[in-house]
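Notes for the structure review
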Amino acid sequence: MALPTYAGPLERTWYYSYRVICAAIFIFLIVPILVIVPLSFNAQPYFTFTKEMLSFDPDGYSLRWYEELLSSREWMRAIGNSFFIAISATIISTTLGTLAALGLSRPNMPAKGFITAVLISPMIVPLIITAAALFSFYARLDLANSYFSIIMAHVVLGTPFVVITVTASLSGFDQQLIRAAQSLGANQVTTFFKVILPLLLPGVVAGALFAFITSLDEVVVVLFLAGPEQVTMTVRMFSGLREEISPTILALATILVAISILLLSSMELLRRRSERQRGMSPG
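Residues numbered from 1 in each chain as written. Predicted model: local features only at pLDDT ≥ 70, side-chain atom pairs only at ≥ 80, totals over all residues. Heavy atoms only, no water.

1. A look at the packing of aromatic side chains
Stated precisely, the cut-off is as follows: Working definition: rings of Phe, Tyr and Trp (its six-membered ring) pair if their centres are within 6.5 Å, and the pair is stacked with planes under 30 degrees apart, edge-to-face with planes over 60 apart, and tilted otherwise. Exposure categories follow from relative accessible area, calculated using a 1.4 Å probe and restricted to protein chains: below 20% of the type maximum is buried, above 50% is exposed, and the middle band is partly exposed. Helix and strand assignments come from DSSP, with helices taken as H or I runs of at least 4 residues and strands as E runs of at least 2, each series counted from the N terminus. The criterion for a charge sitting over a ring is simple: Lys NZ or Arg CZ within 6 Å of the ring centre, and within 35 degrees of the ring normal.
Tallying each qualifying case throughout the model produces eight aromatic pairs. Aromatic pair Tyr15 and Tyr16: ring centres 5.1 Å apart, planes at 90 degrees, arrangement edge-to-face. Owing to a relative accessible area of 49%, Tyr16 belongs among the partly exposed residues under this scheme. Ring centres of Phe84 and Tyr147 lie 5.6 Å apart, and the angle between their planes is 85 degrees; this geometry places the pair in the edge-to-face category. Here Tyr147 lies in helix H8 (residues 147-170) and Phe84 lies in helix H5 (residues 73-104), a separation of 63 residues in the sequence. Note on Tyr147: relative accessible area 29%, which makes it partly exposed. The cationic tip of Arg19 hangs over the ring face of Tyr15; the distance from NZ or CZ to the ring centre is 3.7 Å.

2. Observations regarding the packing of H5 against helix H10 (residues 188-217)
Here is the rule we go by: Throughout, an axis means a line fitted to C-alpha atoms (over the contacting stretch in the case of helices), and angles, computed between N-to-C directions, take values from 0 to 180 degrees. Oblique is the label for any angle not under 35 degrees, not over 145, and not in the 65 to 115 range, which are roughly parallel, roughly antiparallel and roughly perpendicular in turn. Whether a crossing is left-handed or right-handed is set by the direction in which the near helix is turned from the far one by less than a right angle, anticlockwise for left-handed and clockwise for right-handed. Residue contacts follow a heavy-atom distance rule, with two residues in contact if any of their heavy atoms lie within 4.5 Å. The classification used treats Ala, Val, Leu, Ile, Met, Phe, Trp, Tyr, Cys and Pro as nonpolar, Asp, Glu, Lys and Arg as charged, and all other residues, Gly among them, as polar.
Taken N-terminus to C-terminus, the directions of H5 and H10 make an angle of 140 degrees; their axes are 8 Å apart at the nearest point. Classified by the angle their axes make, H5 and H10 are oblique. The way H5 lies across H10 gives a crossing that is right-handed. Taking contact as the criterion, the partners of Ser82, Phe83, Ile85, Ala86, Ile87, Ala89, Thr90, Ser93, Thr94, Thr98 and Leu102 in H5 are, on H10, Phe192, Ile196, Leu200, Val204, Ala208, Ala211, Phe212, Ser215 and Leu216. Tallied by class, the residues present in the contact of H5 with H10 amount to 14 nonpolar, six polar and no charged.

3. Describing the pattern of salt bridges
For side chains of opposite charge, pairing can occur when their charged atoms come near one another. The test is simple: In the sections that follow, a salt bridge refers to a side-chain nitrogen of Lys or Arg positioned within 4 Å of a carboxyl oxygen of Asp or Glu.
Within this structure, the stated rule accounts for one salt bridge. In this structure, the salt-bridge partner of Glu229 is Arg77, at a minimum N-O distance of 3.8 Å. In this pair, Glu229 is assigned in the loop between helix H11 (220-225) and helix H12 (233-243) and Arg77 in helix H5, connecting sequence segments 152 residues apart.

4. Observations regarding unusual backbone geometry
The residue Asp142 is not glycine, and still its phi comes out positive at about 60 degrees. Topologically, Asp142 is positioned in the loop between helix H7 (127-140) and H8. Under the relative-accessibility criterion, Asp142 is labelled exposed at 68%. At Asn145, a position not held by glycine, the phi torsion is positive, near 60 degrees. Within the fold, Asn145 resides in the loop between H7 and H8. Classification of Asn145 by relative accessible area gives partly exposed; the value is 47%.

5. Section: the packing of H5 against H12
Axis separation between H5 and H12 bottoms out at 7 Å; the angle between their running directions is 135 degrees. Between H5 and H12, the angle falls in the class oblique. Where H5 abuts H12, its residues Glu74, Trp75, Ala78, Ile79, Ser82 and Phe83 lie against Met233, Thr234, Arg236 and Met237. Of the residues assigned to the contact of H5 with H12, the class counts are six nonpolar, two polar and two charged.

6. Concerning the nonpolar core
Just so we agree on the cut-off: Residues belong to one nonpolar core when they are buried, are Ala, Val, Leu, Ile, Met, Phe, Trp, Tyr or Cys, and are joined through side-chain atoms within 4.5 Å.
The biggest cluster of nonpolar side chains holds 21 residues, and the ones touching the most others in it are Trp75, Leu216, Met233, Met237, Leu252 and Leu256. Per-element tally for this core: the top contributor is helix H13 (residues 248-277), with eight residues. Setting aside residues up to four positions removed in sequence, Leu216 forms contacts with Ser82, Phe83, Ala86, Met233, Thr234 and Leu256.

7. Some details on helix H4 (residues 64-71)
Rules: Note that the arc is defined by the directions from the helix axis to the C-beta atoms.
All of the buried residues along H4 are Trp65, Tyr66 and Leu69. The buried residues of H4 occupy an angular sector of 100 degrees when projected down its axis, which confines them to one face. Of the exposed residues in H4, the ones pointing more than 90 degrees away from its buried face are Glu67 and Ser71.

As structure tokens, this is what we get:
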């Protein structure tokens, strides 16, 4: 929004101060993350910038840590575990979260507020408490140290994001479309896949992306529930920072940052697509 020509000195001061404050907050949040990108190309096994790097000497940069990451059997197994767990948890949490949001959207749903609070409680309860409770529960069932326990724990953490995003999409949903489809002879399954799901797809996909990122980035629950065969890349990164300082961790962190940027860009495109479908300006 441009500054109007009739703005006074106080309004002009606030106009430019506001932008400076926003830029400072943005730099404070983003720069520490972006620092790891050039460090991941460091030719030396250090977590600091060398003289060659600061002088932009080509000899100071190398792909050795990416090559070490891709050639390491332990790292690749950890990465495979992370994506297997994240994809499995995302599919289940997206399905359950979408169904829960559809149920909560019904006007005659009893105890709607209580059920909503229970569904989103994993976002509010401290993660260490959730991890300890899940470990106690699965240990009693002799299911700890298994892929099943980790996947279901990540479902618990990811489902609230799906519920929130799909519920937000349902806020502008026209219930008359369901009645119109049923009046034309469509059953509930056909109505869901032909009418409801296409309109809610941006919210469903956005919730799935949030659930995927949550599972991929999670480390506390995995530390409680994982055995030697279920170690994920985040747990290995955490252990590596404690035991062996290697820029391989920075190479993997850079890849994760790139994946996060790609997913966030996809969510922004979905948001704009949803607004266009509803006749809103993509502002």
